[in-house]
Every structure is written in structure tokens, then in C-alpha cells.
Amino acid sequence: MKSVYIRGNASLYGEVTIQGSKNAALPIMAAALLVPGVCVLENCPRISDVECMCRILESIGCGVVRKGRQIRIDAASLTGSRLPGEYVARMRSSVMLMGPLLGRLGEVSLCHPGGCVIGDRPIDMHIRALSRMGASCRDDGSLLFASSCGLRGTLIRLDYPSVGATENVIMAAVLADGVTCLENCAQEPEIARLCEFLTCCGASIARKGPGRLMIRGQSRLRPCVYTIPADRIVAGTYLCACLAAGGEVFLRGAPAGENDALEKTAERMGAGLERTPAGLLVRRTGSLLSPGEVTTGSFPSFPTDLQSPLLAAMAQAEGESRLKETVFNGRFGVAEELNRMGAGITVEKDLARIPGGRKLTGRRVRARELRGGAALVVAGLCARGDTLVENRGYVDRGYEDICRDLRLLGASVQEG
Ligand code: EPZ
């Protein structure tokens, strides 16, 4: 697999435009299955997960035309409901095709979805919620089958505000018979973007308070044109890069109000942030300070997807930091590679202790999943000497071109 070659120990200065959001684009591409016509999505990120979703949609009869960052999805005549294992196995977000296919065709079959190894990723909440709406779900150990003679609206309360389960229920409910009240649902910005897209297609979705949605099923949806918003996790990753390496960068298009927990943490660490209508100016020219303890959680808490990039920055900070991961039970895997660079991180269950005050040393390190791979690139920027991050393919799942972006910020980074 390709790699990233980083010359470290240099501050960042420059401007980068933030790409479209992976975690907004993928559910919206799935939701296009609900529309018997052509939906046009603008500003889609050119990343491998989006390519994978395009292949899945094509495999069940969608016409998919990609022109730059525009994707046209024609779901007028679907030809199948069995999702191709080779793509589903690569991507956890394949599970969110269950809702739209049950809503549109009344059936779906898929292998257990794969994706980044960041801990247990069951789909019990998805299955329980879809079953409550009238789907009958069967798992023979390798394949999941779900079918329904017509989904019906009902009250669903999620045990945990799962992003994917929330998205699946919303997509199952928009064509269901009657009203679905969804409680304790995820509040990540990507949920609001999915609701915006579906409302633009004629769905009836009302927010009834924090974590509460009411969806009134419609008989048919209509095509629409929708622009994918900027990716808050990519913006947050580059904010962590500037924290770690120091300097001053402008993140053009960085969404406002979607990274408050990270921005407050960055200010505690010594960064100066200036929000403008065009984006976010990040400056870190003084010492990098420990933020104390940071705990991840569902939105608006600190996002689990930025836990690893922050870990890399904390390794450089003066004084001990602690990072508590409450969302995925296997998301500290990158600590082992960071420790090979001298970070000295100790992990005990869901808590990582980072001693800080150390100058990392450039090494040959290996990405094992998407955000951990991005964290290793961040660490390479501030390390003494050169770093080679292997398995760049993991990073390419979520970042259009991390080398291009970081070069725009003045980093000495090459594709290997
Ligand atoms: C989405 O994953 C994101 N992926 C993840 O981003 C993100 O980390 C996660 O939400 C949390 O914000 C996409 O949007 C494509 P969850 P998802 O269901 O939906 C447990 C990235 O790096 N759970 O909110 O899979 C689960 O095990 C990716 O861009 C169940 O137990 O996350 C986890 O502990 C990684 N049963 C917690 O809930 C279920 O049925 C949160 O998972 C479903 C989830």
C-alpha cells in the first residue's frame, strides 16, 4: 500500500480549503436510493469510501455519474437488493443501506459490514429499530437478511445515540406508513444534513427537542440537488496538526459551531482561534500546554474521530494529559506507533495517559485505520527527523489528499 513521507520539525503556515464531509456524503448517497429519479450531490469528497458507495449503488441498479466532485445518482429503477460482499466488507457504513432498501424495495441482504478496526461495532440497535418498524431480520452468521411487507411508523428510543442507527431509522421512516418518533437519537451535524437532504426531497421530518425527531412517512419522494457541507473532522485534523507543529493556518470553509469541543480544548492548549465567515484562523506560536483531561462522547462532546489526532498533539504538550475514550473500545491502537516515536503513552482500558514534554522522533510507522493514520501524519509533522507512514490507503478513505492539503500549509510531505 502507498505511504506518506514527512520531513518533521517545521511549523505550518498557509491556507487550505476543507473538502466535503465523508460522514455527511455517505448517508446522503444511501438516502438517494429512496428517490425514484436523479439526485445531484455537489462537493462530494474524492475519497475511497465514496467510490465504494458508488460501486454498491451501481450494483443494485442505480445509474451513478461522477464529474469531479459532483455525483448524479439515478435510483429510478433498482434491480436488486443484495449488496456486494467485496464492498460491504470494506465499509461499516454499508449497514445504513438497510433502511432505504427496506423502505423502497421491502428487502435487503448483506454480509456483516467491515470497516476500520476501532473496537466492537455491533449493529444490534439497527436491527432492533428496523424490527420495531415491521422488518423481519435474520442473520445466518455470514449474511443478514431483512424484509418487510411495508414499514410502519412507531416510537423508537435508542439505547445509545448511535449515528448510524439514527440515520437508518430516519431513512426507513420517510416512506413508512404513519409517524415515527425517534428518541435519544444522535445529534451529530451529519444527522441534520441528512434531514436537510431528505426534506429537500419532500420528506416530513421535525426536530422535537434535543435527540428527538418526528418523521411522518410519505408515499413518494422527489429528486433534489444538494451540496455536501465541509468535513468537520478533516478541519479538526488540520487544527490538531497546527497545534502540534505550531504556526498559523487558515482553514477555509471549516464549518462553524461543529467543532466547539475541539476548539475549546485547542484554546486551553495555547492556540489562538479567529472565526471569520470564510473559515477558521488557527495560530499556535507560544508553548503547547496540556489541556488536562479530555473525554470523547456523542455530539456535542469531544468527537471520537478527533481523539487520535489530539493524542498526537498532546504528546508534544508540556505536562501530562489524559484522554478518555467512551465511544469505541479499541480506538487507542495508534498509541503503540506513537510510542515508537517516543510519546510514552500508557493505556489502561478507556484511559490514555500522555506524559507530554517530549520531542517525538521520526520513524517508519504503520497506519492501521483511518484516524489513527491521520494522527501518525500529524505526529510526523512535529517529530525530529523524517517519518514514513505506511498503509496510506487507510488515510485515503477519509482524506481526499492529505499530502496536497498539508503542502498547502507549508509542510514538507510526499506521497511514498
Ligand atoms: C459513525 O459511525 C461515523 N461513521 C464514525 O466515523 C464515528 O466515529 C461514529 O459515527 C461516532 O461518531 C460514519 O458516519 C460513516 P455509532 P457509526 O453507531 O454510525 C455502538 C470515521 O472515522 N453501537 O454512533 O458506526 C458502537 O459499537 C468513522 O469517520 C452498538 O453497540 O457509529 C459504538 O460503540 C469511524 N450497536 C457506539 O455505539 C449498534 O447497533 C457509537 O457507534 C450501533 C452502534
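Residues numbered from 1 in each chain as written. Predicted model: local features only at pLDDT ≥ 70, side-chain atom pairs only at ≥ 80, totals over all residues. Heavy atoms only, no water.

- In the annotation of an unreviewed UniProt entry, the entry for the protein chain reads UDP-N-acetylglucosamine 1-carboxyvinyltransferase, and the organism field reads Candidatus Eisenbergiella stercorigallinarum.
- Quoted straight from UniProt, the Subcellular location (unreviewed entry) entry for the protein chain says "Cytoplasm".
- UniProt, in the comment section headed Sequence similarities (unreviewed entry), describes the protein chain in these words: "Belongs to the EPSP synthase family. MurA subfamily." (UniProt positions renumbered as here; feature names shortened; annotations may be inferred.)

Comments concerning the overall build of the protein chain
- Each helix and strand counted, the protein chain has 14 helices and 23 strands in total.
- By the compact-globule yardstick of 22 Å for 416 residues, the protein chain fits well, its C-alpha radius of gyration being 21 Å.
- By principal-axis analysis of the C-alpha atoms, the protein chain measures approximately 60 × 40 × 40 Å.
- For the protein chain, the proportion of its 416 residues judged to be buried stands at 57%.
- In the protein chain, the share of contacts with a sequence separation of at least 24, taken over all contacts with a separation of at least 6, comes to 73%.
- Accessible area of the protein chain: about 15,400 Å², with a carbon and sulfur share of 48%. (Helix = DSSP H or I, 4+ residues; strand = E, 2+ residues; numbered from the N terminus. Rg over C-alpha atoms; globule rule 2.2 N^0.38 Å. Buried < 20%, exposed > 50% of the residue type's maximum accessible area, 1.4 Å probe, protein only. Contact = heavy atoms within 4.5 Å. Areas by Shrake-Rupley, 256 points an atom, 1.4 Å probe, with all protein chains shown as cover.)

Looking at unusual backbone geometry
- Along the chain, Phe 299 connects to Pro 300 via a cis peptide bond; the corresponding omega equals 10°.
- As for its placement among the helices and strands, Pro 300 is situated in the loop between strand 17 (293-295) and helix 10 (307-314).
- Residue Asn 184 is not a glycine yet carries a positive backbone phi of 55°.
- Looking at where Asn 184 falls in the secondary structure, it is placed in the loop between strand 10 (179-183) and helix 7 (189-200).
- Its identity as a non-glycine residue notwithstanding, Lys 349 has a phi of 55°, on the positive side.
- Residue position: Lys 349 is located in the loop between strand 19 (346-348) and strand 20 (351-354).

Here we look at the pairing of strand 7 (residues 136-139)
- In this sheet, strand 8 (residues 143-147) lies alongside strand 7 in antiparallel orientation, the contact comprising four bridges. By the bridge assignment for strand 8, Ser 136 is matched with Ser 147.
- The antiparallel hairpin formed by strand 7 and strand 8 contains three residues in its connecting segment, where Gly 141 sits at a positive phi of about 100°. (Pairing = 2+ DSSP bridges.)

With respect to the sheet that holds strand 11 (residues 204-207)
- Sheet architecture is open: four strands sit in the order 9-10-12-11, paired in mixed fashion. Two strands lie at the open edges of the sheet, namely strand 9 (155-157) and strand 11, each paired on one side alone. Direction aside, the axes of adjacent strands within the sheet are offset by 15° on average. (Axes fitted to C-alpha atoms, helices over the stretch in contact; angles between N-to-C directions.)

Overview of the nonpolar core
- Ranked by internal contacts, the top residues of the largest apolar core, which has 80 residues, are Ile 170, Phe 197 and Leu 198.
- Aside from chain neighbours lying at most four places away, what touches Leu 198 is Ala 31, Leu 34, Ile 170, Met 171, Val 174, Ala 203, Ile 205 and Leu 221. (Core = buried A, V, L, I, M, F, W, Y, C linked by side-chain atoms within 4.5 Å.)

A word on the packing of helix 1 (residues 22-31) against helix 2 (residues 48-59)
- One way to put it is that helix 1 packs onto helix 2 with a least axis distance of 10 Å and a crossing angle of 5°. The angle between helix 1 and helix 2 falls in the class roughly parallel. Contacts between helix 1 and helix 2 pair Lys 22, Ala 25, Leu 26 and Met 29 from the former with Asp 49, Val 50, Met 53, Cys 54 and Leu 57 from the latter. (Parallel < 35°, antiparallel > 145°, perpendicular 65-115°, else oblique.)

So, the pairing of strand 20
- The sheet contact formed by strand 18 (residues 321-324) and strand 20 spans four bridges and is antiparallel. If you follow Lys 324 over to strand 20, its bridge partner there is Leu 351.
- Of the pairings in the sheet, the one linking strand 19 to strand 20 comprises three bridges and is antiparallel in character. Each residue of the ladder has a partner; that of Glu 348, found in strand 20, is Leu 351.
- Connecting the antiparallel pair strand 19 and strand 20 is a turn made up of two residues, with Lys 349 showing a positive phi of about 55°.

Focus on the site of the ligand
- Residues in close proximity to the ligand total 23 residues, the closest being Asp 124, Met 125, Ser 162, Asp 305 and Val 327.
- Arg 121 is positioned such that a nitrogen or oxygen atom in its side chain is 3.2 Å from an oxygen atom of the ligand.
- One of the side-chain N or O atoms of Asp 305 is found 2.5 Å from an oxygen atom in the ligand.
- Notes on the ligand: free accessible area 830 Å², of which the protein chains cover 88%.
- For the shell around the ligand, the secondary structure elements donating two or more residues are helix 1, helix 5 (124-132), helix 6 (163-173) and helix 12 (370-382).
- Grouping the amino acids of the shell around the ligand by side-chain chemistry returns nine nonpolar, six polar and eight charged. (Near = heavy atom within 4 Å. Polar contact = N/O pair within 3.5 Å; in protein donor to acceptor, adjacent residues only side chain to side chain. Nonpolar A, V, L, I, M, F, W, Y, C, P; charged D, E, K, R; others polar.)

Considering helix 7
- Between its terminal C-alpha atoms helix 7 stretches 17 Å, which fits the 16 Å expected from twelve residues at 1.5 Å a residue.
- Here helix 7 has its buried residues at Pro 189, Glu 190, Ile 191, Arg 193, Leu 194, Cys 195, Phe 197 and Leu 198.
- The first or second residue beyond helix 7 is Gly 202, which carries a positive phi of 105°. (Expected span 1.5 Å × (residues − 1).)

Overview of the state of the cysteines
- Taken as a whole and judged by the stated rule, the model has zero disulfides.
- Its sulfur unpaired, Cys 62 is 9.7 Å from the next cysteine sulfur, which belongs to Cys 39.
- Among the cysteines around Cys 382, which has no disulfide bond, Cys 240 carries the closest sulfur, lying 11 Å off. (Disulfide = S-S within 2.5 Å.)

Thoughts on the UniProt feature "binding site: UDP-N-acetyl-alpha-D-glucosamine" (unreviewed entry) in the protein chain
- The positions UniProt marks with the feature "binding site: UDP-N-acetyl-alpha-D-glucosamine" (unreviewed entry) are Arg 92, Asp 305 and Val 327.
- One can find Asp 305 in the loop between strand 17 and helix 10.
- Judged by relative accessible area, Asp 305 falls into the buried class, the value being 16%.
- Leave out the neighbours within four places in its chain, and Asp 305 touches Asn 23, Ile 233, Arg 331 and Arg 371.
- Within the element layout of this structure, Val 327 appears in the loop between strand 18 and helix 11 (334-340).
- Judged by relative accessible area, Val 327 falls into the partly exposed class, the value being 27%.
- Leave out the neighbours within four places in its chain, and Val 327 touches Tyr 160, Thr 296, Gly 297, Ser 298 and Thr 304.

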